[in-house]
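These are the residues of each chain, in order.
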Amino acid sequence: MAQEDTQIEGAADAGRATSLRNRRRVGLAVLLGVLVAAAAGLFGPDEQALSTESGSHSLRVEYPAETRSSIVTPVRVHLRKDGGFGDDPVEIAFSRQLFEHLDFQNWYPNPSAETADARWIVYEFDPPDGDELAISLDARTGPNQWFSTDRYSVEVRERGRPVVSARFRMTVWP
């Protein structure tokens, strides 16, 4: 008796079934790799710091180098001016684009004034006693963020002119 080769209607042939199974396995391996990388902290949050000096000013900015949507991502600015700040307000300018990625909750201390133009948001702080000013911005990465890597700047200004600045990069993972 001859054996008939029968196939269930709609079922993939052996070669196609093997191909589909292998694709599923690769997909699961990629998904597992992403989960392991996320659990290991590869997609943030990762805070970095940079320092720069110019004349009597030194600036240190602590920022989120890598973050994900809706994660707490504080930004801290430490400014030192040899000889103190005098009576003039301390002007600190941030790239406007930074505020498109982060939702700021509050400032510590709160600025006394703010202005903006197309590129910068400038905050004025009352001059502190002594020669150091520490500012902390309580922030989160905005919701519904997609992958992006952008550069931002922080400038310290005196009478509207930059005296020291720092430039950093932040990557937002989905």
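It should be emphasised that the depicted structure is a prediction, and the values quoted were computed from it without experimental measurement.

Q: Now, about unusual backbone geometry: what can you tell me, with residues and values included?
A: Excluding glycine, most residues fall at negative phi; most peptide bonds, likewise, are trans. Of the consecutive residues Tyr108 and Pro109, the connecting peptide bond is found in the cis state with omega at -5°. Locating Pro109 in the fold gives a position in the loop between strand 5 (102-108) and strand 6 (113-116). Although it is not a glycine, Ser70 adopts a positive phi angle of roughly 70°. Assignment of secondary structure puts Ser70 in the loop between strand 2 (57-68) and strand 3 (75-81). Ser70 gets classed as partly exposed once you look at its relative accessible area, which sits at 38%. Positive phi outside glycine occurs at Arg159, with the angle close to 55°. Looking at where Arg159 falls in the secondary structure, it is placed in the loop between strand 9 (148-158) and strand 10 (161-173). Judged by relative accessible area, which is 72%, Arg159 ranks as exposed.

Q: Which residues make up the side chain of Glu62, and what values do they have?
A: Structurally, the position occupied by Glu62 is in strand 2. At 3.3 Å, the side chain of Glu62 and the side chain of His78 are in polar contact. The residues contacting Glu62, other than those within four sequence positions of it, are Gln48, Ala49, Pro74, Val75, Arg76 and His78.

Q: Please give an account of the nonpolar core that cites residues and values.
A: Of all hydrophobic cores here, the largest spans 31 residues; its most connected members are Ile92, Phe94, Leu98, Trp107, Phe125, Ile135 and Phe168. Considering each element in turn, this core owes the most residues, five residues, to strand 10. Contacts of Phe125, omitting those with residues within four sequence positions, involve Pro89, Val90, Ile92, Trp107, Pro109, Asn110, Pro111, Ser112, Leu133 and Ile135.

Q: Please provide a residue-by-residue account of the pairing of strand 2, values included.
A: The side chains of a regular strand alternate between the sheet's two faces. Sheet topology note: the strand 1 (residues 46-54)/strand 2 ladder contains nine bridges and is antiparallel. In the sheet register, Glu47 faces strand 2, and the bridge partner there is Pro64. Connecting the antiparallel pair strand 1 and strand 2 is a turn made up of two residues, with Gly55 showing a positive phi of about 60°. Sheet analysis places strand 2 next to strand 3, joined by six bridges and oriented antiparallel.

Q: Give me the lowdown on the environment of Pro143, citing residues and values where you can.
A: Structurally, Pro143 can be placed in the loop between strand 8 (132-141) and strand 9. What makes Pro143 partly exposed here is its relative accessible area of 47%. Measuring from C-alpha to C-alpha, the distance between Pro143 and Glu9 comes to 47 Å, with 134 residues separating the pair along the chain. Those residues within four positions of Pro143 in sequence are excluded, and the remaining contacts are Ser69, Ser70 and Asp103.

Calculation criteria
Residues numbered from 1 in each chain as written. Predicted model: local features only at pLDDT ≥ 70, side-chain atom pairs only at ≥ 80, totals over all residues. Heavy atoms only, no water. Helix = DSSP H or I, 4+ residues; strand = E, 2+ residues; numbered from the N terminus. Buried < 20%, exposed > 50% of the residue type's maximum accessible area, 1.4 Å probe, protein only. Polar contact = N/O pair within 3.5 Å; in protein donor to acceptor, adjacent residues only side chain to side chain. Contact = heavy atoms within 4.5 Å. Core = buried A, V, L, I, M, F, W, Y, C linked by side-chain atoms within 4.5 Å. Pairing = 2+ DSSP bridges.

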